[in-house]
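Geometric and topological summary
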Amino acid sequence: MELYLIRHGIAQEHHPELADEKRQLTPQGRQKTEKVAQRLVELGLHFDLILTSPLVRAYQTAEILIATGLSSQLEQSHYLSFESNIYSWVEEWLEPRKYAHQTQLALVGHEPNLSHWAEILLWGEAKDSLILKKAGMIGIKIPDDGSPVGHSQMFWLTPPKYLL
């Protein structure tokens, strides 16, 4: 399975009057995310399923990916919110092969969670070595058998500026 970790686009700034989970993509964030998505289509990518954080900015990013034709299936997952735990996600999603028929799965979420997830899948622990820019993507090859933690391989790390 190929797992694509995608960070949400540029969102509204933090301020006390706006709950963090309600922050939306800015017009610039939408535009940049749409351009990145179009470039991914041009490169021939297609996701069997997109899982997204329920937070507004991530869900809006996932909707843009759907609108550009990168996938036709979208689901929310509480695992992709800030309180997420990769080990629980691996236990529920990957190890039982709940989505074994999915060969390309995209996860849309937040930092530092996505970078930490990537590091745990690659090296078995989070090292704060990877940084995923807004609207950026990390591609990870999940092994077909055995535990993915510490045994996966990265094949893609792309800041959005290289896709625009």
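The structure reproduced in this document is the subject of the present report.

Cut-offs and rules
- Residues numbered from 1 in each chain as written.
- Predicted model: local features only at pLDDT ≥ 70, side-chain atom pairs only at ≥ 80, totals over all residues.
- Heavy atoms only, no water.
- Pairing = 2+ DSSP bridges.
- Helix = DSSP H or I, 4+ residues; strand = E, 2+ residues; numbered from the N terminus.
- Axes fitted to C-alpha atoms, helices over the stretch in contact; angles between N-to-C directions.
- Contact = heavy atoms within 4.5 Å.
- Phe/Tyr/Trp six-rings, centres within 6.5 Å; stacked < 30°, edge-to-face > 60°.
- Buried < 20%, exposed > 50% of the residue type's maximum accessible area, 1.4 Å probe, protein only.
- Salt bridge = Lys/Arg side-chain N within 4 Å of Asp/Glu carboxyl O.
- 1 Å grid on protein atoms, 1.4 Å probe; cavity = no way out; pocket = protein on both sides within 12 Å on 5 of 7 lines; lining within 4 Å.
- Points joined across faces, edges and corners; volume = space filled by probe spheres on them.
- Parallel < 35°, antiparallel > 145°, perpendicular 65-115°, else oblique.
- Left-handed = near helix turned anticlockwise from the far one by under 90°.
- Nonpolar A, V, L, I, M, F, W, Y, C, P; charged D, E, K, R; others polar.

Okay, the sheet that holds strand β6 (residues 153-158) next. Within the open sheet, the 6 strands sit side by side as β3-β2-β4-β1-β5-β6. Their pairing is mixed. Every other strand in the sheet has two partners, leaving β3 (74-76) and β6 as the edge strands with one partner each. In this sheet, neighbouring strand axes are inclined to one another by 20° on average, regardless of whether the strands run parallel or antiparallel. Contacts between helix α2 (residues 56-67) and the sheet are confined to β1 (2-7), β2 (49-52), β3 and β4 (104-109), with β2 contributing the most and set at about 165° to the helix.

The next thing to look at is the packing of aromatic side chains. Scanning the entire structure with this criterion turns up 3 aromatic pairs. For the ring pair Tyr4 and Trp156, a centre distance of 6.3 Å and an interplane angle of 75° mean the geometry is edge-to-face. Taken as a pair, Tyr4 in strand β1 and Trp156 in strand β6 lie far apart in primary sequence, 152 residues in all. Considered together, Tyr4 and Trp156 belong to a single accessibility category, that of buried residues.

With that settled, the discussion passes to the pattern of salt bridges. A full pass over the atoms with the stated rule returns 3 salt bridges. Residue Asp20 is joined to Arg23 by a salt bridge in which the shortest nitrogen-to-oxygen separation is 2.8 Å. Overall, Arg23 belongs to the buried group, its relative accessible area being 6%. The partner of Arg39 in a salt bridge is Glu42, and the shortest N-O contact between them spans 3.3 Å. Of this pair, Arg39 and Glu42 both sit in helix α1 (residues 27-42), 3 residues apart, which is roughly one turn of that helix. Among the charged side chains, a network of salt bridges with common partners joins Asp20, Arg23 and Arg57.

With that settled, consider empty space enclosed by the protein. Gaps left between atoms show up when a probe the size of a water molecule is rolled over them. If you walk through the whole model with that rule in mind, you get 1 cavity of 30 Å³ or more. Counted as a void, the largest cavity has a volume near 40 Å³. What lines the largest cavity is Ile6, Arg7, Thr33, Val36, Leu40, Thr61, Leu65 and Ala135. Only β1, α1 and α2 provide two or more residues apiece to the lining of the largest cavity. For the lining of the largest cavity, the element with the most residues is α1, which contributes 3 residues.

Here we come to the packing of α1 against α2. When two helices pack together, you describe them by how their axes are tilted relative to each other and by the distance separating the axes. Remark: α1 packs on α2, axes separated minimally by 9 Å, with the N-to-C direction vectors making an angle of 40°. Between α1 and α2, the interaxial angle falls into the category oblique. Relative to α2, the crossing made by α1 is right-handed. Counted together, Arg30, Thr33, Glu34 and Ala37 of α1 and Gln60, Thr61, Ile64 and Leu65 of α2 form the full contact between these two elements. In terms of residue class, the contact of α1 with α2 is made up of 3 nonpolar, 3 polar and 2 charged.

Moving on: unusual backbone geometry. The omega torsion across Glu111 and Pro112 is 5°, close enough to zero to call that bond cis. Inspection of the secondary structure puts Pro112 in the loop between β4 and α4 (113-123). Phi is positive for Asp128, close to 55°, though the residue is something other than glycine. Relative to the elements of secondary structure, Asp128 occurs in the loop between α4 and β5 (137-141). For Asp128, a relative accessible area of 61% translates into the label exposed. In the Ramachandran plot, Ala135 falls in the positive-phi region, its phi being about 70° despite a non-glycine side chain.

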